[in-house]
Amino acid sequence: MSFTFLFRTITRDLAKVNTCHLQSLHTGLQLLAADKSLLMKLRKNTGYTFINCKKALEKFDNDMTQAETWLNEQAQKEGWNKANKLEGRKAKEGLIGLFMEDKAAVMVEVNCETDFVARNEKFQQLVKEVALATLAHHRNKTQSQGGYVKSVLVGDELNKLSLEAGASLSDRVALTIGRLGENLSVRRAVAVGVPAEWNIGSYVHGGVSGQTEVAMGRYGALVVFQGGEEGAQEVLGRKLGQHIVGESPVSLGNMDDLPCGESETRLLPQTFLGDPSRTVAQFLKGQQARVLDFVRFQCGETASEEAK
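Residues numbered from 1 in each chain as written. Predicted model: local features only at pLDDT ≥ 70, side-chain atom pairs only at ≥ 80, totals over all residues. Heavy atoms only, no water.

K.L.:
What am I meant to see in the nonpolar core here?
P.N.:
One broad trend across soluble globular proteins is that nonpolar side chains are buried collectively. Within the largest apolar cluster, 30 residues are counted, with the highest numbers of intra-cluster contacts made by Val110, Phe123, Leu169 and Leu184. Put simply, the parts of the chain that give this core at least two residues each are strand 1 (93-100), strand 2 (104-112), helix 5 (115-118), helix 6 (121-142), helix 8 (169-180) and strand 4 (185-193). With seven residues, the top contributor of residues to this core is helix 6. Filtering out sequence-adjacent residues up to four positions away, Leu184 remains in contact with Asn111, Cys112, Val117, Phe123, Leu126, Val173, Thr176 and Ile177. Counting residues in hydrophobic clusters, the runner-up holds 18 residues, among them Val223, Phe272, Ala281 and Phe283. (Core = buried A, V, L, I, M, F, W, Y, C linked by side-chain atoms within 4.5 Å. Buried < 20%, exposed > 50% of the residue type's maximum accessible area, 1.4 Å probe, protein only. Helix = DSSP H or I, 4+ residues; strand = E, 2+ residues; numbered from the N terminus. Contact = heavy atoms within 4.5 Å.)

And the structure:
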């Protein structure tokens, strides 16, 4: 047997071995590939990218539960990393969220960097979760208290709120930062609860279409009042809320206060937005009603603007 023939035989046998190995490897990859229907379902359920969902399914042999858990863990880590990097960036855009239920109401402000993100469904979902968590916290904290109860939340007290899934609000904010790529912050929240004979009026300006459970917009107002014609309190509350949003009062005043012109910042002596021939106090007398308290939020306003 010549050396040349022996060399050709060995080369041919090695080629066959490599081909079999590659075919086996290719077959193995097909077995581990992400199932298309599961891939679509995972992407729909989580909102993560196609590539990341595919990677998760392949990593856990198409186990949906493990894949989703892993995706959330990775997104949470990425979110906190981004949150730390973006912390110093200004977030003055965003939305006011307002929710009312059974003689109680909450109003929250959640900020982002751009109006584009404020229109994003994921950001609006965060606003909704903050509002519902604030109401749950308020009810739990004040369940043994009667009469009028008002809670104002800022800073750490807000960040420690628990959401329905058991996560803290700060974790959910970080997760949303990871998904949207902008600095976000939950700035403030207020919750009020009233006795059966009192009423809460509300108004949101610059509303977001498609949001029915939690009203959202650039401006919001809550007003606590007594009286008014039976069956017409909702309309009365809305009119008062519109005035508060439009005229920006900073204090209540008294029913017999005299107005001091266009610079008036007390609610009751202000010229009523719905009827310029009367003050708010005069309008309320005609309705046999009395305002007891109010809150006004404007998205992105500075501390000095809040105090005006």
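K.L.:
Mind showing me how you'd approach the sheet that holds strand 3 (residues 149-154) here?
P.N.:
Strands in a sheet are paired, the pairing made by backbone hydrogen bonds, and the direction either parallel or antiparallel. The strand order across the open sheet built from five strands is 3-4-2-1-6, with neighbouring strands paired in antiparallel fashion. In the strand order of this sheet, the two ends are held by strand 3 and strand 6 (215-217), each with one partner. Between one strand axis and the next, the sheet turns by 15 degrees as a mean value, whatever way the strands run. As paired strands, strand 2 and strand 4 are joined by eight bridges and run antiparallel to one another. By the bridge assignment for strand 4, Val108 is matched with Ala189. Most of the contacts of helix 6 go to strand 2, to which it runs at about 140 degrees, and overall it touches strand 1, strand 2, strand 3, strand 4 and strand 6. (Pairing = 2+ DSSP bridges. Axes fitted to C-alpha atoms, helices over the stretch in contact; angles between N-to-C directions.)

K.L.:
In this structure, what is going on with the sheet that holds strand 5 (residues 198-205)? I would like to understand it.
P.N.:
Taken together, three strands build an open sheet; the order of strands is 5-7-8 and the sheet is antiparallel. Among the strands making up the open sheet, the edge pair consists of strand 5 and strand 8 (289-298). Neighbouring strand axes in the sheet, compared pairwise and without regard to direction, differ in orientation by 15 degrees on average. Of the strand pairs in this sheet, strand 7 (residues 219-227) and strand 8 are connected by nine bridges, and their pairing is antiparallel. Across the sheet, Val224 pairs through a bridge with Asp293, a residue of strand 8. Taken strand by strand, helix 9 (residues 233-247) contacts strand 5, strand 7 and strand 8, and its axis lies near 135 degrees from that of strand 7.

K.L.:
Would you mind showing me how to read helix 3 (residues 50-59) here?
P.N.:
Residues that lie three or four places apart on an α-helix share one face, since the helix turns once every 3.6 residues. Cys53, Ala56 and Leu57 are the residues of helix 3 that are buried. Down the axis of helix 3, the buried side of the element spans an arc of 95 degrees, and every buried residue falls inside it. Positive backbone phi, at 50 degrees, marks Asp61, one or two positions downstream of helix 3. (Arc of directions from axis to C-beta.)

K.L.:
Sorry, what's going on with the side chain of Thr279 here?
P.N.:
One can find Thr279 in the loop between helix 9 and helix 10 (280-287). Ignoring anything within four residues of it in the chain, the contact list for Thr279 reads Pro259, Leu268, Pro269, Gln270, Thr271 and Phe272.

K.L.:
Help me understand the pattern of salt bridges in this model?
P.N.:
Close approach of charged atoms lets side chains of opposite charge pair. Under the counting rule described, the total for this entry stands at 14 salt bridges. In this structure, Lys141 and Glu157 form a salt bridge, with 3.4 Å as the shortest nitrogen-oxygen distance. Residue Lys141 is located in helix 6, and its partner Glu157 is located in helix 7 (residues 155-159); the two are separated by 16 residues in the primary sequence. Taking the relative accessible area as the measure of exposure, Lys141 reaches 47% and is therefore partly exposed. A relative accessible area of 33% places Glu157 in the partly exposed class. Arg266 is the salt-bridge partner of Glu264, the closest N and O atoms lying 2.7 Å from each other. Accessibility expressed as a relative area gives 6% for Glu264, which makes it buried. Residue classification places Arg266 among the partly exposed positions, given a relative accessible area of 24%. Each of the salt bridges in this network shares a partner with another, and the network as a whole consists of Glu109, Arg187, Arg188 and Glu301. (Salt bridge = Lys/Arg side-chain N within 4 Å of Asp/Glu carboxyl O.)

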